[in-house]
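Next come the chains, spelled out residue by residue.
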Amino acid sequence: MFDAPPLPHYFSPEHTQFRDTLRGFVASEISPHINDWDEAGTFPRDLYRKAAALGILGLGYPEKYGGTPADIFYQIILAEEFARTGSGGIQASINSHTIALPPLIAAGSETLKRHIIPSVIAGEKIAALAVTEPSGGSDVASLCTTAIRDGDHYVVSGEKTFITSGMRADYLTVAVRTDPAVKGAGGISVLMIDGDTPGLTRTELKKMGWWCSDTAHLHFDHCRVPATNLVGTENRGFKTLMHNFNSERLFLSALAYGFAQVCLEEALAWAQQRKTFGHPLAERQVIRHKLMDMMLRVDAARSLVYDLAYCIEHGRGNTEHLVARICMAKVLSTQAMQFCADQAVQILGGMGFMRGTRSERIYREVKVMMIGGGSEEIMKDLAARKIGI
Amino acid sequence: MKVLVAVKRVVDYNVKVRVKADQSGVDIADVKFSMNPFDEIAIEEAVRLKEKGVATEVIAVSMGVAQCQETLRTALAMGADRAIHVQSDAELQPLAVAKLLKAICDKEQPQLVILGKQAIDDDCNQTGQMLAALAGWSQGTFASKVEISGSDISVIREVDGGLQTVALKLPAIVTTDLRLNEPRYATLPNIMKAKKKPLDAVTPEALGVDVTPRLKTLKVTEPPKRKGGIKVKTIGELVDKLKNEARVI
């Protein structure tokens, strides 16, 4: 029940093998250090190379760039196994290219792709996506950072904030307004900007959770970016940016119920071994009910995500409805995470309040999961629109 | 030099097995299977020999039900070049496995066969030794270090109370102990490539081997439940209990 039994209708032996590889990697290379890294606010850059060596960073990318094409269930497995670290920060940084590279893959020129993608999925370079601005996040169409054409360059000015991997990124996939005359989605483009571009300054942001991940505020002051770094067609960037949201949200959903499951496992282990008034906590009805309330939420979220992954992989179902259900999966999973983190900390009691337990950290990392990649409110609204309400 | 590696599909080491109600064995329905950990070490050693240029080809062999092919794919993903599956739904006991391996050795003519020292399901620790006897080859069991130069092979063995080094002539049988190496993880690209590597299936009949079990399992029971410990008051009482109750000294 805790570790899903073989589900041959979803997972092939290759999937299982990839899971085994990830589980071993996470258990030996990440979990023993994660508390230290979180307290230190960073992790060794070498971890990118180690993950790349196992093909983790190249998952889903074309072979010609050094990647390994793979179906969506591999992404789900990646999320589930990284969740076992009990740290959102490590996966947010290691996998920041999974939101930074898709616009490039979808619309970039071959030269740009060959320049950037191989080094990123080899773990040599770090890529980050920069869309959110101080004036707004969910409302992408209203962004203000401008990129004005000047000869064979764009001159970029403006600010981006809450940028995951923003401090260390060598490449930034930046959403800019190339046509200031157009206020909405129409004037938006995507630019690849080198991390060492003159005029770019970065400030580290302190956060509630995700401590070992670097998050930055970026300031672009007349940064000159070669026009060849434009991804896709000028003023047509909005669609390119929106393109990847579905797979990102499904990934986040799998992560969220993965974290929920970690809380459940930690709470269960504690409840079985902690005795109160002569009996283990797990024998107390009030605790047993909590554990089952946690389990039913994890199971429901996981079942929905597996079903959606299957539908996407096999092209089943109405596209609009699929988008709506993905939005709901993100809500369901992050709510499961919130509920389970809360219950686990409660069951762990004083221990749950102490740094070092996974539940304590996950409790602090609930909100970023309910906000990032589409906030709960936006998810519900989008789902309602897609269903036609 | 060809290296043959035997790999067994066993219940994953993380699974807590339960004895069936009729005591005929353990319940293996719906549990996870994986490669015997000692066999992972065997594959790793063979692949390292190939990477060093000592071995030219690594062939993985597994025996049993159709799903053994999954275990073979793991071996291929770790770096074996090709695989042979001896397909059989019968219970395969160590002697039968050793005979089948002997038949494959006759066909493939490897210079070295590496096996796990034992499988974590039945813990028999017999197949390697039986194969050595059947083939008339030298054996270096419980290896913690293997070095090959020309037709000589030196094996450091983990024995009770220390290490023993044996010098053997190829062809030889080596069985792996835990400390021989640390097996690599199968990388995602190699997992995908393994699907395309050759995997041949044969039957015991085609190899001319009678696999009829020679041993009969009478019953399987859970180990006795661990009882709580006791505190002793004096050294004398401790020695007395060790001598007369536990009978260990």
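Source: prediction; values computed, not measured.

Some points on the overall build of chain B
Now for step 1: When its secondary structure is counted, chain B shows 6 helices and 11 strands.
Now for step 2: Every one of the 249 residues in chain B was classed for burial, and the buried ones make up 43%.
Now for step 3: Of the contacts made within chain B by residues no fewer than 6 positions apart, 70% connect residues no fewer than 24 positions apart.
Now for step 4: Only carbon and sulfur atoms are counted for the fraction: they give 51% of the accessible area of chain B, which is about 13700 Å².
Now for step 5: In chain B, 36 side chains carry a positive charge and 32 a negative one; their mean positions are 3 Å apart.

Some points on the pattern of salt bridges
Residues and elements named next belong to chain A.
Now for step 1: For the structure shown, the criterion picks out 37 salt bridges over all chains.
Now for step 2: Among the ionic pairs, Arg-358 bridges to Glu-266, the shortest N-O distance being 4.0 Å. With a gap of 92 residues between them, Arg-358 in helix 13 (residues 358-364) and Glu-266 in helix 10 (residues 245-273) connect regions that are remote in the sequence.
Now for step 3: Overall, Glu-266 belongs to the buried group, its relative accessible area being 17%.

Concerning the packing of aromatic side chains
All names here are of chain A.
Now for step 1: Per the stated rule, a full pass over the model turns up 10 aromatic pairs over all chains.
Now for step 2: Residues Tyr-10 and Phe-11 carry aromatic rings whose centres are separated by 6.4 Å and whose planes lie at 70° to one another, so their mutual orientation is edge-to-face.
Now for step 3: Tyr-10 gets classed as buried once you look at its relative accessible area, which sits at 18%.
Now for step 4: Taking the centre distance of 5.2 Å and the plane angle of 80° together, the rings of Phe-11 and Tyr-306 count as edge-to-face. Here the residue Phe-11 occupies a position in the segment before helix 1 (13-30), and Tyr-306 occupies one in helix 11 (residues 285-313), the gap between them amounting to 295 residues. Taken individually, Phe-11 and Tyr-306 each receive the classification buried, so the pair is uniform in this respect.
Now for step 5: A network of ring pairs unites the aromatic residues Tyr-10, Phe-11, Phe-73, Tyr-306 and Tyr-310 as a single cluster.

Quick notes on the side chain of Thr-173 of chain A
Residues and elements named next belong to chain A.
Now for step 1: Structurally, Thr-173 can be placed in strand 4 (residues 171-177).
Now for step 2: A polar atom in the side chain of Thr-173 sits 2.8 Å from the backbone oxygen of Ala-100.
Now for step 3: Once you skip the residues sitting within four places of it in the chain, Thr-173 turns out to touch Ala-100, Pro-103, Ala-128, Leu-129, Ala-130, Val-190, Leu-191 and Met-192.

Focus on the domain arrangement of chain A
All names here are of chain A.
Now for step 1: Domain assignment breaks chain A into domain 1 (13-121), domain 2 (127-235) and domain 3 (242-386).
Now for step 2: Taken over C-alpha atoms, the centre of domain 1 sits 23 Å from the centre of domain 2.
Now for step 3: Contact with domain 1, which involves 31 residues of that partner, is made by 21 residues of domain 2.
Now for step 4: Carbon and sulfur atoms make up 59% of the surface buried where domain 1 meets domain 2, a total of about 2000 Å² over both sides.

Topic: the packing of helix 3 (residues 94-108) of chain B against helix 4 (residues 127-135) of chain B
The description of two packed helices rests on the angle between their axes and on the distance between the axes.
Residues and elements named next belong to chain B.
Now for step 1: Running from N to C, helix 3 and helix 4 cross one another at 50°; their axes reach a closest spacing of 8 Å. Comparing their axes, helix 4 and helix 3 come out oblique. You can see that helix 3 and helix 4 cross each other, and the crossing is right-handed. Of helix 4, the residues touching helix 3 (which contributes Pro-94, Leu-95, Val-97, Ala-98, Lys-99, Leu-101 and Lys-102) are Thr-127, Met-130, Leu-131, Leu-134 and Ala-135.
Now for step 2: Looking at the contact of helix 3 with helix 4, its residues break down into 9 nonpolar, 1 polar and 2 charged.

Notes on the state of the cysteines
Now for step 1: One pass over the structure, following the stated rule, counts 0 disulfides over all chains.
Now for step 2: Summary of cysteine pairing: Cys-144 of chain A is not part of a disulfide, and the nearest cysteine sulfur, belonging to Cys-223 of chain A, is at 17 Å.
Now for step 3: According to the relative accessible area criterion, Cys-144 of chain A is partly exposed, its value standing at 48%.
Now for step 4: Cysteine Cys-68 of chain B shares no disulfide, and the gap to the nearest cysteine sulfur, in Cys-124 of chain B, comes to 16 Å.
Now for step 5: By relative accessible area, which is 3% here, Cys-68 of chain B ends up buried.

Let's talk about the sheet that holds strand 5 (residues 82-87) of chain B
Backbone hydrogen bonds are what pair the strands of a sheet, in a parallel or an antiparallel way.
Residue and element names in this part refer to chain B.
Now for step 1: Here 9 strands make up an open sheet; going across it, the order is 9-8-7-10-6-1-4-5-11 and the pairing mixed. Unpaired on one side and paired on the other, strand 9 (162-169) and strand 11 (199-202) mark the two borders of the sheet. Going across the sheet, the axis of each strand differs from the next one's by a mean of 30°, ignoring polarity.
Now for step 2: Judged from the 6 bridges that link them, strand 7 (residues 138-149) and strand 8 (residues 152-159) form a sheet pairing that is antiparallel.

What counts, and where the lines are drawn
- Residues numbered from 1 in each chain as written.
- Chains lettered and ligands numbered in written order.
- Predicted model: local features only at pLDDT ≥ 70, side-chain atom pairs only at ≥ 80, totals over all residues.
- Heavy atoms only, no water.
- Helix = DSSP H or I, 4+ residues; strand = E, 2+ residues; numbered from the N terminus.
- Buried < 20%, exposed > 50% of the residue type's maximum accessible area, 1.4 Å probe, protein only.
- Contact = heavy atoms within 4.5 Å.
- Areas by Shrake-Rupley, 256 points an atom, 1.4 Å probe, with all protein chains shown as cover.
- Lys, Arg positive; Asp, Glu negative; His and termini not counted.
- Charge placed at Lys NZ, Arg CZ, Asp CG, Glu CD.
- Salt bridge = Lys/Arg side-chain N within 4 Å of Asp/Glu carboxyl O.
- Phe/Tyr/Trp six-rings, centres within 6.5 Å; stacked < 30°, edge-to-face > 60°.
- Polar contact = N/O pair within 3.5 Å; in protein donor to acceptor, adjacent residues only side chain to side chain.
- Domains from an automatic or database assignment.
- Buried area = accessible area lost by both parts, 1.4 Å probe.
- Axes fitted to C-alpha atoms, helices over the stretch in contact; angles between N-to-C directions.
- Parallel < 35°, antiparallel > 145°, perpendicular 65-115°, else oblique.
- Left-handed = near helix turned anticlockwise from the far one by under 90°.
- Nonpolar A, V, L, I, M, F, W, Y, C, P; charged D, E, K, R; others polar.
- Disulfide = S-S within 2.5 Å.
- Pairing = 2+ DSSP bridges.

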